[in-house]
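Listed below are the residues making up each chain.
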Amino acid sequence: MLFIVANMSDNSSQSIPTKASRNTPAAPSPQDPASRVQSMFEYGYRKSSYGPDELVTDAHGNPISVTEAMLQPQEARLQQTSTPHLCFCSPRIPGNTGSAIRLCAITGSVLHLVEPLGFNLKDTKLRRAGLDYHDMTHVVIHPDFDNLIESMPDSRIISFTAQATTLYTEVEYRPTDILLFGPEPGDIPDPMDIMAGPHIYQQVRFPMRPSLRSLNLANCASIALYEAWRQMGFQGGV
């Protein structure tokens, strides 16, 4: 129903929007990136009508490409963090990496991804799991493992592998550490030249019941990172 209210001062009439019109967002101007991005969200959730190519924005809400949002390898060691860095070596499942991106965003960590990757960075599952707003500022891609070592020369690398004898709780972590995880279990075995090479400061493992294979990769990363953050008094958290 449309109501008309008379303005007693100038005898003109003004329309009050109906409920339906109030809930219909105005079409954003194509020249206004902030308005365009704002129209993509409703009640804090992304509208289903917007495709995956529009899911990444910078700190000001402007749409940007995936690569523009990432850290460069030489920038990663300059990041001041209260938690260790994470590293996934050749991850294969996009949802796990997406969850790790969100994990690093909320803990202030940095996620290092060592190529080759088993998915496209524009994969919808990866973006749905982790690439909200400008969370990609917590991610850096390395073409190979040597590039990780070269770009993070002052970091201790702690690898998480079932072959270790030390529990993950028996390590005193530092913010500059790198927590290294190999590929998700599958047809390709863990690259033990990377997980147990001379560049590794220490190998650690998670306790498990016997005869079971492994935890989910994203779960492992969460357990490890939060244990390290706990040791540091959850500095920077609320």
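Residues numbered from 1 in each chain as written. Predicted model: local features only at pLDDT ≥ 70, side-chain atom pairs only at ≥ 80, totals over all residues. Heavy atoms only, no water.

Caption draft 1: Region of the structure containing the UniProt feature "binding site: S-adenosyl-L-methionine" (unreviewed entry) in the protein chain. Those places that UniProt annotates as "binding site: S-adenosyl-L-methionine" (unreviewed entry) correspond, in this numbering, to G182 and S214. Despite a sequence span of 33 residues, these residues sit close together in the fold, their greatest C-alpha distance being 12.0 Å. Considering the arrangement of structural elements, one finds G182 in the loop between β10 (178–181) and α8 (192–195). Assessed through its relative accessible area of 10%, G182 is described here as buried. Note on S214: relative accessible area 38%, which makes it partly exposed. Apart from residues no more than four positions distant in its own chain, S214 is found in contact with P185 and M208. (UniProt positions renumbered as here; feature names shortened; annotations may be inferred. Helix = DSSP H or I, 4+ residues; strand = E, 2+ residues; numbered from the N terminus. Buried < 20%, exposed > 50% of the residue type's maximum accessible area, 1.4 Å probe, protein only. Contact = heavy atoms within 4.5 Å.)

Caption draft 2: Structural view of the side chain of S151. Secondary-structure assignment places S151 in helix α7 (residues 145–151). On the basis of relative accessibility, which here comes to 9%, the residue S151 falls in the buried class. Not counting residues within four places of it along the chain, the set of residues in contact with S151 comprises P73, R77 and H142.

Caption draft 3: Representation of unusual backbone geometry. Residue P116 follows E115 across a cis peptide bond; omega there is 5°. Topologically, P116 is positioned in the loop between β6 (111–114) and α6 (124–130). A positive phi angle, close to 50°, is found at S90, a residue other than glycine.

Caption draft 4: Fine view of the pattern of salt bridges. Under the counting rule described, the total for this entry stands at 2 salt bridges. One salt bridge in this structure joins D177 and R156, with 2.8 Å as the shortest N-O distance. Linking D177 in the loop between β9 (166–167) and β10 with R156 in the loop between α7 and β8 (157–160), this pair joins segments that are 21 residues apart in sequence. The pair formed by D177 and R156 is uniform in burial state, with each residue classed as buried. R230 serves as the salt-bridge partner of E227, at 2.9 Å between the closest nitrogen and oxygen. On the criterion of helical spacing, the pair formed by E227 and R230 is a turn pair, its members being 3 residues apart in helix α9 (residues 217–231). (Salt bridge = Lys/Arg side-chain N within 4 Å of Asp/Glu carboxyl O.)

Caption draft 5: Seen up close, a nonpolar patch on the surface. A surface patch of nonpolar side chains, amounting to about 290 Å² of accessible area, comprises I106, Y226 and F234. You can see F234 is positioned in the segment after α9. (Patch = residues over 30% accessible without salt bridge, like charges linked within 9 Å, V, L, I, M, F, W, Y side chains within 5 Å. Areas by Shrake-Rupley, 256 points an atom, 1.4 Å probe, with all protein chains shown as cover.)

Caption draft 6: Highlighting the environment of D154. Here D154 shows up in the loop between α7 and β8. Under the relative-accessibility criterion, D154 is labelled exposed at 63%. For D154 and T176, which are 22 residues apart along the polypeptide, the C-alpha to C-alpha distance reads 7.4 Å. If we skip the residues at most four places from it in the chain, D154 touches R77 and T176.

Caption draft 7: Local environment of the side chain of T166. With respect to the element layout, T166 can be found in strand β9. Judged by its relative accessible area of 18%, T166 is buried. Ignoring sequence-local partners within four residues, the contact set of T166 consists of Q202, Q203, V204 and R205.

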